[in-house]
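Descriptive analysis of the structure
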Amino acid sequence: EAGVAQSPRYKIIEKRQSVAFWCNPISGHATLYWYQQILGQGPKLLIQFQNNGVVDDSQLPKDRFSAERLKGVDSTLKIQPAKLEDSAVYLCASSLVSIGRGAYEQYFGPGTRLTVT
Amino acid sequence: QKEVEQNSGPLSVPEGAIASLNCTYSDRGSQSFFWYRQYSGKSPELIMFIYSNGDKEDGRFTAQLNKASQYVSLLIRDSQPSDSATYLCAVKEGAGNNRKLIWGLGTSLAVNP
């Protein structure tokens, strides 16, 4: 079974530029998550999709971050304009369902390491 | 504010010893608990989950849950240098329509040959 795919793996941009990340979840996984992980910290949930609808985006800085999941499969996360503090690893994860005991195991992609200079 | 706390470490153990990683959580209604392993420069990898009080064993790993004390631990028996990584504890919120995972900061484990 193929895992969660992400691209690019690394990205270096200057502040105020824009950047986009792509994620393809595990086949059949209805729920997709974008996390931001700063070095030395646990993952921070940015946005969660159930199929193509947003379930939770309470921690997404909406003035600069946006995400979409067209057709309920692939997803893109965009930052525009980027700030220095956006330097982090952006992780995409997926799970079969988001609600219900025994169905919350999340599987992560390799992540995109973003450096903003 | 729901919190998950872990000692940041580093926890250093000799090869072959038992490594004990601990996690406490504040949300008394939480029912689902997860341990992820994260190697340096890699993404988190799910290694154990536990829902019921008591112990759950999987190979060299044992997860222990005590809901009364709001405490979950991970034991690694016969520790190997390849177990050296950061171990993240994640706790599913106990209430709400969309119960998120609350993550700890992780404990760094070093297994010395």
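Residues numbered from 1 in each chain as written. Chains lettered and ligands numbered in written order. Predicted model: local features only at pLDDT ≥ 70, side-chain atom pairs only at ≥ 80, totals over all residues. Heavy atoms only, no water.

1. Looking at the overall build of chain B
The cut-off we apply is this: What counts as a helix is a DSSP run of H or I of at least four residues, what counts as a strand is a run of E of at least two, and both are numbered from the N terminus. Atoms counted for the radius of gyration: C-alpha only. Globule rule: 2.2 Å times the number of residues to the power 0.38. Here, two residues are considered to be in contact whenever any of their heavy atoms come within 4.5 Å of each other. For the area figures, the Shrake-Rupley method with a 1.4 Å probe applies, and any residue is considered shielded solely by the protein chains shown.
Broken down by element type, chain B carries zero helices and eleven strands. Ordered by position from the N terminus, the helices and strands of chain B form the series β-β-β-β-β-β-β-β-β-β-β. Relative to the globule expectation of 13 Å for 113 residues, the C-alpha radius of gyration of chain B, 14 Å, shows essentially globular dimensions. Expressed as lengths along the three principal axes of its C-alpha atoms, the size of chain B is roughly 45 × 30 × 20 Å. At a minimum sequence separation of 6, the contacts of chain B that also span at least 24 residues come to 54%. Accessible surface, chain B as shown: approximately 5,200 Å² in total, 46% of it carbon and sulfur.

2. A short note on the overall build of chain A
What counts here: Any residue under 20% of the maximum accessible area for its type is buried, any over 50% is exposed, and the rest in between are partly exposed; the area is computed with a 1.4 Å probe on protein chains only.
Of regular secondary structure, chain A possesses zero helices and eleven strands. Reading the helices (α) and strands (β) of chain A from amino to carboxyl end gives β-β-β-β-β-β-β-β-β-β-β. Computed over C-alpha atoms, the radius of gyration of chain A comes to 14 Å, within 12% of the 13 Å expected from 2.2 N^0.38 for 117 residues, which places it in the range of a compact globule. Taking the principal axes of the C-alpha coordinates as reference, chain A spans close to 40 × 25 × 25 Å. Classification of the 117 residues of chain A by burial places 46% in the buried group. Intrachain contacts of chain A at a sequence separation of at least 6 include 55% that bridge at least 24 residues.

3. Here we look at the nonpolar core
Going by this rule: Buried Ala, Val, Leu, Ile, Met, Phe, Trp, Tyr and Cys residues form a nonpolar core when they are joined through side-chain atoms within 4.5 Å.
In this structure, B:Trp35, B:Val72, B:Leu74, B:Ile76 and B:Tyr87 are the most contacted members of the largest nonpolar core, which totals 24 residues. Only β3 (19-25), β4 (33-38), β5 (45-50), β7 (61-66), β8 (71-76), β9 (85-92) and β11 (107-112) of chain B provide two or more residues apiece to this core. A:Leu32, A:Leu46, A:Ile47 and A:Phe65 belong to the second largest nonpolar core, which has 21 residues in total.

4. Some remarks on the sheet that holds strand β8 (residues 75-79) of chain A
Residue and element names in this part refer to chain A. This is how it is decided: One bridge is not enough; two strands pair if DSSP finds at least two bridges between them. Whenever a helix is involved, its axis is fitted only over the stretch in contact; in every case the axis is a line through C-alpha atoms, and angles between N-to-C directions fall within 0 to 180 degrees.
With respect to topology, four strands assemble into an open sheet ordered β1-β3-β8-β7, the strand pairing being antiparallel. Of all the strands in the sheet, just β1 (5-7) and β7 (65-68) have a single pairing partner and so form its edges. Adjacent strand axes in the sheet meet at a mean angle of 15 degrees when their direction is disregarded. Pairing geometry for strand β3 (residues 19-24) and β8, over five bridges, is antiparallel.

5. Comments concerning the layout of surface pockets
What counts, and what does not: The pocket and cavity definitions rest on a 1 Å grid over protein atoms only: a 1.4 Å probe that fits but cannot leave marks a cavity, an open set with protein on both sides within 12 Å along at least five of seven lines marks a pocket, and residues lining either have an atom within 4 Å of a point. Grid points are joined across faces, edges and corners, and a volume is the space filled by probe spheres set on the points. Polar here means any residue other than Ala, Val, Leu, Ile, Met, Phe, Trp, Tyr, Cys and Pro, which are nonpolar, and Asp, Glu, Lys and Arg, which are charged; Gly is therefore polar.
Size it by volume and the largest pocket reaches roughly 600 Å³. Lining of the largest pocket is provided by 30 residues; of these, A:Gln37, A:Leu39, A:Gly40, B:Gln38 and B:Gly41 occupy positions nearest its centre. Of all elements in the fold, only β9 (88-95) and β11 (112-116) of chain A together with β9 and β11 of chain B reach the threshold of two or more residues within the lining of the largest pocket. Its residues assigned to classes, the lining of the largest pocket comprises twelve nonpolar, 15 polar and three charged. Estimates place the volume of the second largest pocket at around 490 Å³. Together, 18 residues line the second largest pocket, and A:Pro43, B:Gln1, B:Lys2, B:Ile102 and B:Trp103 are the ones closest to its centre. Elements with a contribution of two residues or more to the lining of the second largest pocket: β5 (44-50) of chain A together with β1 (4-5) and β10 (101-103) of chain B. Sort the elements by how many residues they give to the lining of the second largest pocket and β10(B) lands first, with three residues.

6. Here we look at the side chain of B:Ser43
One can find B:Ser43 in the loop between β4 and β5. In this view, B:Ser43 contacts A:Leu91, A:Phe108, A:Gly109, A:Pro110, B:Arg37 and B:Gln38; residues no more than four positions away in its chain are not counted.

7. A few points about the interface of chain A and chain B
Operational definition: Once two parts are brought into contact, the accessible area they lose, counted with a 1.4 Å probe and summed over both, makes up the buried area. One speaks of a salt bridge when a side-chain nitrogen belonging to Lys or Arg is within 4 Å of a carboxyl oxygen belonging to Asp or Glu. Think of a polar contact as two N or O atoms within 3.5 Å of one another; within protein, one of them needs to be a possible hydrogen donor and the other a possible acceptor, and neighboring residues in sequence only count if both atoms come from side chains.
Each partner contributes to the interface: chain A provides 26 residues, whereas chain B provides 20 residues. Interface of chain A and chain B: buried area, both sides summed, is about 1,800 Å²; carbon and sulfur atoms make up 53% of it. The tally of links between chain A and chain B comes to one salt bridge. The partner of B:Lys100 in a salt bridge is A:Asp56, with the nearest N and O atoms 3.3 Å apart. At the boundary of chain A and chain B, one finds five residue pairs in polar contact (both at pLDDT 80 or more).

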